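So you can see what is in the structure, the chains are spelled out below.
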Amino acid sequence: MTQKQTATAMNGDADATMNGGGDADRALPFQVDALEVRGRVVSLGPAIDAILARHDYPDPVKVLLGEACVMAALLATSLKDVSRFILQAQTDGPVSMLVADIRLPGQMRATASCDAAAVTALAQAGTADAAALLGKGTLAMTIEQGHGGQRYQGFVPLDHESLEEAAHTYFRQSEQIPTRIRMAVSEMFDRDEDGKARHQWRAGGIIGQFMPEAGDRIRHRDLPAGDTPEDGPEDLQGADFEADDDAWVEAAALIETVEDHELTDPAISPERLLFRLFHERGVRVFKPVRLEDHCTCSRARIEKVLDQMDAVEIADAAIDGEIEVRCEFCGLRYHFDPDALPGATDGDEKHGLSQDGSLTNL
Ligand SMILES: [Zn+2]
């Protein structure tokens, strides 16, 4: 990363001039040189409120989807030469799918599939936590380079755990970078100027990673006595890979002290949070990345998919003489004249739209 030219050293004065109220929806990169730690703080206000308010999910699903958006923003905003980052959970739980999709630098959209009745039953029983909602499955991270360019995917199993825990597993096992992530989503209630009650979703997160100049400072933490295999080298994959370097132990402990409200309260800016955590060591922040609620679906993209349909598929999809396609991310409805599609007049076998007329990749 070459961010030094835009760094701002933080001190008490800088903190005093910043308030978090009006400048949410951004990822703020930071660096703590004394601890060799880099990271980002993500703060989401109007953007996450618009995304979550648009969908008619039970609240526990909105919280999970909000976390998926925060996690995608925390991870995507560090990537260079990447045009798109998609975080997708697929599970056997009541929330069978979560998708947070970011077009870099910061256009976000998200959607979920859930069994609303099952989620509501868990919520009423007081057990609608991430472990119960997600169950067992896979968390996939897809990186797309350039427009329509090379795709890379990383996977981590989900086994009755939170997205935060799955992220830690991913960085420990796949990337082998000592990492701490904290994320939170909450619904804030207040009153507008006329005294009318209003609510707004807020979300936030912090990621800190130990990235020392000297790579050998990342060492394999000693396994507890009895677990160490007698013969052969320890298998790093899946082992408790972690750095026991003093600097990282200190940074990780500090990040773990971050409380949920510090990530979602509009009065606590990312700068203020970083100052609270790292002021004794000195923390520098870099140019923030603006995040926004923006869906990239378009008539042209959908047309490309519809153009692949054959006459039978077109007939199946048409209702009352038109084909309606609803974007699962933003809810926009697009209407097409079936007779105008190229497949309407030829009988070629082609791949087409899924049975329910839904498209996730618009
Ligand atoms: Zn859309």
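Along each chain, residues carry numbers from 1 onward, in the same order as the chain's sequence is written. The predicted nature of this model means local features are confined to residues of pLDDT at least 70 and side-chain atom pairs, given and counted, to a pLDDT of 80 or more, with totals for whole chains, interfaces and linings taken over all residues.

(A) Expanded view of helix H2 (residues 46–54). Put simply, a residue is buried when 20 or more other C-beta atoms lie within 10 Å of its own C-beta and exposed when 12 or fewer do; between those, it is partly exposed, and each C-beta is set from the backbone. Counting from the N terminus, the helices are DSSP H or I runs at least four residues long and the strands are E runs at least two residues long. All of the buried residues in H2 are Ala 47, Ile 48, Asp 49, Ile 51 and Leu 52. Note on contacts: residues are paired as contacts if their backbone-placed C-beta atoms lie within 7 Å. Tucked inside the fold, the buried residues of H2 contact strand E3 (37–44), helix H3 (59–76), strand E6 (107–114), strand E10 (197–210) and strand E13 (292–293).

(B) Representation of unusual backbone geometry. Leu 104 connects to Pro 105 through a cis peptide bond whose omega is 10 degrees. Within the secondary structure, Pro 105 sits in the loop between strand E5 (95–103) and E6. The backbone of Asp 25 sits at a positive phi, close to 60 degrees, despite the residue not being glycine. Relative to the helices and strands, Asp 25 is located in the loop between helix H1 (12–16) and strand E2 (26–32). Located in the positive-phi region is Asp 320, a residue other than glycine, with phi close to 50 degrees. One can find Asp 320 in the loop between helix H11 (311–317) and strand E14 (323–326).

(C) Region of the structure containing the packing of H2 against H3. Throughout, an axis means a line fitted to C-alpha atoms (over the contacting stretch in the case of helices), and angles, computed between N-to-C directions, take values from 0 to 180 degrees. Between H2 and H3, whose axes approach to 10 Å, the crossing angle comes to 140 degrees. Judged by the inter-axis angle, H2 sits oblique to H3. Like other packed secondary-structure pairs, H2 and H3 cross with a definite hand, here right-handed. Counting all contacts with H2, which are made through Ile 48, Ile 51 and Leu 52, the residues of H3 involved are Lys 62, Leu 65, Gly 66 and Cys 69. Residue classes follow a fixed rule: Ala, Val, Leu, Ile, Met, Phe, Trp, Tyr, Cys and Pro count as nonpolar, while Asp, Glu, Lys and Arg count as charged, and any other residue, Gly among them, counts as polar. Across the contact of H2 with H3, the residue classes break down as 5 nonpolar, 1 polar and 1 charged. Note on angle classes: values under 35 degrees are labelled roughly parallel, values over 145 roughly antiparallel, values of 65 to 115 roughly perpendicular, and the remainder oblique. Each crossing gets its hand from how the near helix is turned against the far one by less than a right angle, where anticlockwise is left-handed and clockwise is right-handed.

(D) Quick look at the pairing of E6. Along E6, 6 of the 8 residues are buried, which leaves the element largely enclosed by surrounding structure. The rule for pairing is simple: two strands pair if DSSP sees at least two bridges between them. Two elements, E5 and E6, share 8 bridges in a ladder whose sense is antiparallel. Directly across from Asp 101, in E6, lies its bridge partner Arg 109. Linking E5 back to E6 in an antiparallel pair, the connection comprises 3 residues. Bridging between E6 and E13 involves 2 bridges; their strand directions are parallel. What sits directly across from Met 108, in E13, is Asp 293.

(E) Broad picture of the confidence of the model for the chain. Of the residues in the chain, 81% have a pLDDT of 70 or more, and the chain-wide mean is 85. Confidence of the predictor in every single residue is expressed as pLDDT, which spans 0 to 100. The low-confidence segment residues 12–21 (pLDDT under 50) makes 18 contacts with residues lying over four places distant or belonging to another chain.

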